[in-house]
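# Working through the structure, step by step
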Amino acid sequence: MKIYTRTGDRGETSLFGGARVAKNDARIEAYGTVDELSSFLGLARAAWPQSPADDQLQRTQTDLFEIGAHLASPGTSRFPGVDVSRIEVIERAIDAVTNELEPLTSFILPGGSLAASHLHVARTVCRRAERLVVALHDESAATQSTIAYLNRLSDYLFVAARYANAKHDVRDVPWNSR
């Protein structure tokens, strides 16, 4: 099987179900950004082998594929998206990681260790994905849970970045406004 099909050479692509849309369609932008987020999570995982957060990050990549499939199949129930119970799992992970961190007393600048830096980038891509999914104005239950999931995931990625810094003995850098 060849990887190229030539069907997108004129700036269109297919959604699941066969509908053709422009490659810059809002739905393509949304699930493309979800795919980008998954790639950045892969990069973060590669930067921190044997991370205590690796299982959660790998499961998150699977969730993001579920979300992408849902976004690529509007109007069908073929891909229901991520299960809403995953939001609670992320909340528990946030709480567990937060309990191991020093309390925040100021905003912090993104960066620090290589793993934390990658997680901060993933967090910002996650926020963009959330904005793009919101812009679809899709009121389906699966899309609404996707928005909640991405919102919670960005919180998790923030604490995971702080956790990566703590585990690498790198201090978070506070933001000092003038």
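Structural data are supplied above this passage.
Below is a short write-up of the structure. (Residues numbered from 1 in each chain as written. Predicted model: local features only at pLDDT ≥ 70, side-chain atom pairs only at ≥ 80, totals over all residues. Heavy atoms only, no water.)

### Some points on the pattern of salt bridges
Within the structure shown, the criterion is met by eleven salt bridges. Linking Arg45 and Asp54 is a salt bridge whose minimum nitrogen-to-oxygen distance equals 2.6 Å. Of the residues examined, Asp54 reaches a relative accessible area of 19% and is grouped as buried. In this structure, the salt-bridge partner of Asp172 is Arg162, at a minimum N-O distance of 2.9 Å. Of this pair, Asp172 sits in the loop between helix H5 (141–167) and strand S4 (173–174) while Arg162 sits in helix H5, and the two are ten residues apart along the sequence. Connected through shared salt-bridge partners, Arg59, Asp63 and Arg86 make up one network. (Salt bridge = Lys/Arg side-chain N within 4 Å of Asp/Glu carboxyl O. Buried < 20%, exposed > 50% of the residue type's maximum accessible area, 1.4 Å probe, protein only. Helix = DSSP H or I, 4+ residues; strand = E, 2+ residues; numbered from the N terminus.)

### A closer look at the nonpolar core
The biggest cluster of nonpolar side chains holds 43 residues, and the ones touching the most others in it are Leu37, Leu64, Leu119, Tyr149, Leu153, Tyr156 and Leu157. Listing elements by their share of this core, those giving two or more residues are helix H1 (26–47), helix H2 (54–71), helix H3 (85–98), helix H4 (114–134) and H5. With eleven residues, the top contributor of residues to this core is H5. Apart from the residues within four sequence positions on either side, Tyr149 is in contact with Thr60, Asp63, Leu64, Ile67, Val82, Arg86, Ile87 and Ile90. (Core = buried A, V, L, I, M, F, W, Y, C linked by side-chain atoms within 4.5 Å. Contact = heavy atoms within 4.5 Å.)

### Structural notes on the packing of aromatic side chains
Applying the stated criterion to the full structure yields three aromatic pairs. Geometrically, the ring pair formed by Phe16 and Phe79 is tilted, given 4.9 Å between the ring centres and 35° between the ring planes. Taken as a pair, Phe16 in the loop between strand S1 (12–14) and strand S2 (20–22) and Phe79 in the loop between H2 and H3 lie far apart in primary sequence, 63 residues in all. Measuring from ring centre to ring centre gives 6.0 Å for Phe107 and Trp175, while their planes differ by 65°; the resulting arrangement is edge-to-face. With Phe107 in the loop between H3 and strand S3 (108–109) and Trp175 in the segment after S4, this residue pair connects regions lying 68 residues apart in the sequence. Here Phe107 falls in the exposed class, since its relative accessible area comes to 63%. The cationic tip of Arg78 hangs over the ring face of Phe16; the distance from NZ or CZ to the ring centre is 5.6 Å. (Phe/Tyr/Trp six-rings, centres within 6.5 Å; stacked < 30°, edge-to-face > 60°. Lys NZ or Arg CZ within 6 Å of the ring centre and 35° of its normal.)

### A closer look at H1
The end-to-end C-alpha separation of H1 is 31 Å, in line with the 32 Å expected for 22 residues at 1.5 Å each. Of all the residues in H1, the buried ones are Arg27, Ile28, Ala30, Tyr31, Thr33, Val34, Leu37, Ser38, Leu41 and Ala44. Buried residues along H1 sit in contact with S1, S2, H2, H4 and H5. (Expected span 1.5 Å × (residues − 1).)

### Concerning the side chain of His70
The residue His70 is located in helix H2 in this model. Since its relative accessible area comes to 6%, His70 is described here as buried. Setting aside residues no more than four positions away along its own chain, His70 makes contact with Phe79, Pro80, Gly81, Ser140, Ala142, Thr143 and Thr146.

### Details of the packing of H4 against H5
Close contact between H4 and H5 brings their axes to 8 Å; oriented N to C, the two are set at 165°. Here H4 is positioned roughly antiparallel relative to H5, judged by the angle of their axes. Relative to H5, the crossing made by H4 is left-handed. Considered class by class, the residues forming the contact of H4 with H5 number 16 nonpolar, six polar and four charged. (Axes fitted to C-alpha atoms, helices over the stretch in contact; angles between N-to-C directions. Parallel < 35°, antiparallel > 145°, perpendicular 65-115°, else oblique. Left-handed = near helix turned anticlockwise from the far one by under 90°. Nonpolar A, V, L, I, M, F, W, Y, C, P; charged D, E, K, R; others polar.)

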